[in-house]
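Single-letter residue listing:
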Amino acid sequence: MRIKIYLLTLALSTAVNGFAQERLDIPQPCQMHEQATPTPTIALTRATADKHYVIPVVFHVFGTDFNGKHVTRELIEDALRRTNDDFNARTTGDLRSGDDDPQFDKLSTPLDIEFRLAEIGPNGEATTGIVFHRLESGFGIYNPPKMQKYAWDNKKYMNVYIMNDLYGDGVTNNSGVSWYPDWEMTRFKLARVVYNGAYLGSNTDENFRRVLTHEFGHFLNLAHTFDFDNTKFPDGCHKGFHGEANPGDYVDDTPPADRQQMGPNDVNCLGGKTNWTNYMNYSYVRTSMFTKGQVDRMLAALQDKSRSCLWSDATHAKVFLPDASRPRVVLESKQELFPKDAKGNYDVTVALRVIGASAKQGPLTAGTDFTVEGLPDGLTASATGDGQMIQLHVKGMVTLGADKKFFVTIQPSATTAPDCYVGRQPLTIACDYVESELATAIKRGVETADESRVAWAGNGDVTVTAPRGALVSVHNVYGEALVVAHVADRALTLSLGGYGHGVYIVSVTSSCGTKSYKIARP
């Protein structure tokens, strides 16, 4: 059996065939692009194969609407449970694990792995392993400008980003994208799975929800069963342009496939059937198994340092509680707190949930039951307990030039459990007023003046009208300069299409002075 790890990157396809191109409402699977960069062969030992692997996972959820569907903590927990069943070959029902064809059913092999939601976050806070955020998009490109601000340490957590617009291009029916083991990506917080919440768990049908299993397979170095290097081979089955053998997906027991979406009655270029129900195939009908060769390949990938750091005992001690039943307080609502108006007035309630105990009923005492660190001047915090919930109320007025992080610590005295786990819960005071995170137009009126004017187009283009030679700069809410240019002939058009949804500040400096415009990209 050949066991190799290839460092490959993966990208999404916006259409997999002519039919999909005509019907853009059809959910689209992914398509990977190989980079021929093999790593040394890794020998598998019995201890390696017999080990139970536990991978700490954090889900970052961006926005609330996913093509009319919603993503909740319960939905994610159920989706991850079912993905674990897929990997362990214990999925039941009409689309059970394995294959109806005995030729392939006998190859169906479980991987003894558990993708488990983290219990301790990067700041030492108790967590559900699910964090809800403001609307973002575009994390499916290789190096998104803002993604690392949300990323948890890739050496300790497998990061899964749930969003609707994976590429920031307005297309919302791409399903998922993942990247293969790569230490540099791990070091720089780029290792990840990006997935569309519209196709997560029960938001879609039983077969298509397994695209998440497919993406997790890529994360563990599995290629598509039909993959090939198009610079050397005509497809995933035939010999190369110079007669060389076709390695296909680098797994010996998955038959070569000429193309994607081959079905039960299709034969490959060798006249044989393909493993069409494999999780790493594309099928709108059924995917339901990994082969022994694929499991061996994933086991080899788990020994690569970009993945072995996730399941090490040292990592587990930092991301999981020694006693999972220990009472703790976790964040239930969004991590970002937004002002209620353009003047910087805040009146926000943050929900925290007590697990394994109850909250003390009624108002909580600041400094005794809870502490707040780093809250900007002008804001105050109070808290109230009710059942299993603690409501943190932040109120006041403050003008911020950038988002400001602060920390809340709920003490055991705020709960009915004297041994409640104590950790600093990070929250963010957002500086931008957003009437709706599903903005479809400019939500804050654009200032106009004789000397300059800004127009915003739906495709992400910003047209600035200003005197010749005026300096135009575009910054994000973190103060980072994205575009700087001069007006050459009264008008200048800048493209922000690659930066995703959100609020941007356009500054125009001319002989008339400086004007700043705050715009929201729909």
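Look a little higher up for the structure.
All of the points below concern the structure found in this document. Within every chain, residues take consecutive numbers counted from 1 along the sequence as written. Confidence filtering applies because this is a predicted model: local features only for residues at pLDDT of at least 70, side-chain atom pairs given and counted only at 80 or more, and all residues used for totals across whole chains, interfaces and linings. Side-chain measures here rest on the full set of heavy atoms in the structure, leaving out hydrogens and waters.

With respect to empty space enclosed by the protein
Thinking step 1. Throughout, the protein atoms alone are placed on a 1 Å grid, and a set of points is a cavity if a 1.4 Å probe fits but cannot get out or a pocket if it is open with protein on both sides within 12 Å along at least five of seven lines; lining residues have an atom within 4 Å of a point. Grid points are joined across faces, edges and corners, and a volume is the space filled by probe spheres set on the points. A full pass over the atoms with the stated rule returns 8 cavities of 30 Å³ or more.
Thinking step 2. Put simply, the second largest cavity is a space of about 100 Å³.
Thinking step 3. Lining the second largest cavity are 14 residues, with Thr-127, Ile-130, Val-131, Leu-331 and Gln-425 sitting closest to its centre.
Thinking step 4. Counting only elements with at least two residues in the lining of the second largest cavity, the list comes to strand S5 (130-133), strand S9 (328-331) and strand S17 (424-429).
Thinking step 5. Strands here mean DSSP runs of E at least two residues long; helices mean DSSP runs of H or I at least four residues long; both are numbered from the N terminus. At 3 residues, S5 tops the list of elements feeding residues into the lining of the second largest cavity.
Thinking step 6. For the lining of the second largest cavity, the class distribution of residues is 8 nonpolar, 5 polar and 1 charged. Under this grouping Gly is polar, as are all residues other than the nonpolar Ala, Val, Leu, Ile, Met, Phe, Trp, Tyr, Cys and Pro and the charged Asp, Glu, Lys and Arg.

Examining the state of the cysteines
Thinking step 1. A pair of cysteine sulfur atoms is labelled a disulfide when the two atoms are within 2.5 Å. Applying the stated rule across the entire model yields 1 disulfide.
Thinking step 2. Note on cysteine connectivity: Cys-237 is disulfide-linked to Cys-269, with sulfurs 2.0 Å apart. A torsion of -85 degrees about the S-S bond marks the disulfide between Cys-237 and Cys-269 as left-handed. Separated by 32 residues along the polypeptide, Cys-237 in the loop between helix H7 (211-219) and helix H8 (292-303) and Cys-269 in the loop between H7 and H8 bring together distant segments of the chain.
Thinking step 3. Using a relative accessible area of 8% as the deciding quantity, one classes Cys-237 as buried.
Thinking step 4. For every residue, the accessible area (1.4 Å probe, protein chains only) is compared with the maximum for its type, and the residue is labelled buried under 20%, exposed over 50%, or partly exposed between those bounds. You can call Cys-269 partly exposed: its relative accessible area is 28%.

Looking at the sheet that holds S17
Thinking step 1. Strand pairing follows a simple DSSP-based rule, namely that at least 2 bridges must link the two strands. One open sheet accounts for 4 strands, arranged S10-S17-S16-S13; its pairing is mixed. Both edges of this open sheet fall to strand S10 (336-337) and strand S13 (370-373), since each of them pairs with a single strand only.
Thinking step 2. Summarising the sheet, strand S16 (residues 404-410) and S17 pair through 6 bridges and their orientation is antiparallel. Across the sheet, the residue bridging to Phe-406 is Leu-427, located in S17.

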